[in-house]
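Now for the letters of each chain:
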Amino acid sequence: MKPTTTLLGAATLACCLSLPAQASAVAQLKAFVAGSKTLSADFSQIVTNKGKREEASGTLEIARPGKFRWEYSKPYSQLIVGDGKTLWIYDPDLAQVTRKAQGAALGSSPAALLAGSNEIERSYKLNEAGKQGDVEWLAASPKKQDNTFSAIRMGFRNNMLVEMELTDSFGNDTRIRFLQPQQNVKLPAARFAFTAPKGVDVVSGD
């Protein structure tokens, strides 16, 4: 919590013909990935598990391929940075930094999943999941049993990702809404670099 298909074929064509006003969710995912070299957005997050509910919010920045900054501001502070090689998780309240190899951790958080050029298509099978209001949804099911997420739903509007719903192996249901997204804005390289503050313990994760 401190968190594919290339064959569109006839099925997608039929969906596009039946919904001429807006492209299918799978097509919008492809357009979103291809058209977002960088992305900046606010987010709100709700995690539920066995009747318990936790809300959080923060900011997201992505620079493809492989760099991201996912920062929680409420109700706690936590910073997750992927610099392309290493994944850093900084918990100011614990005065601790966890360091992992990013390649092994890619896909273990929504930000990491989105920062890859086609991580979702590589690791998940995509299916159209219908339209709710003005949002087109797709459902992603893992191709391998050891994936972090057992189910993912992604909602798109005008080729922009606006919502994600994820179920992980621990039974957590996470819903994320992306607010005021900005594509292809200039993001300084320093946003995706991390140096542990002095006096903070650095531990290696699995």
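Scoring rules and cut-offs
- Residues numbered from 1 in each chain as written.
- Predicted model: local features only at pLDDT ≥ 70, side-chain atom pairs only at ≥ 80, totals over all residues.
- Heavy atoms only, no water.
- UniProt positions renumbered as here; feature names shortened; annotations may be inferred.
- Buried < 20%, exposed > 50% of the residue type's maximum accessible area, 1.4 Å probe, protein only.
- Helix = DSSP H or I, 4+ residues; strand = E, 2+ residues; numbered from the N terminus.
- Pairing = 2+ DSSP bridges.

- For the chain, an unreviewed UniProt entry supplies the name Outer-membrane lipoprotein carrier protein and the organism Chromobacterium paludis.
- As recorded by UniProt, the Sequence similarities (unreviewed entry) comment attached to the chain reads in full: "Belongs to the LolA family."

## A short note on the pairing of strand β5 (residues 86-91)
Here is step 1 of the chain: A large share of β5 lies buried, amounting to six of its six residues.
Here is step 2 of the chain: Residue alternation in β5 divides its side chains into two sets, T86, W88 and Y90 and L87, I89 and D91, and both sets are buried.
Here is step 3 of the chain: By the bridge criterion, four bridges tie strand β4 (residues 78-83) to β5 in an arrangement that is antiparallel. Residue pairing across strands places V81 opposite W88, the latter belonging to β5.
Here is step 4 of the chain: Here β4 folds back onto β5, and the loop between the two strands holds two residues, one of which, G84, carries a positive phi near 105°.
Here is step 5 of the chain: The sheet contact formed by β5 and strand β6 (residues 96-101) spans six bridges and is antiparallel. Paired with Y90 across the two strands is V97, which belongs to β6.

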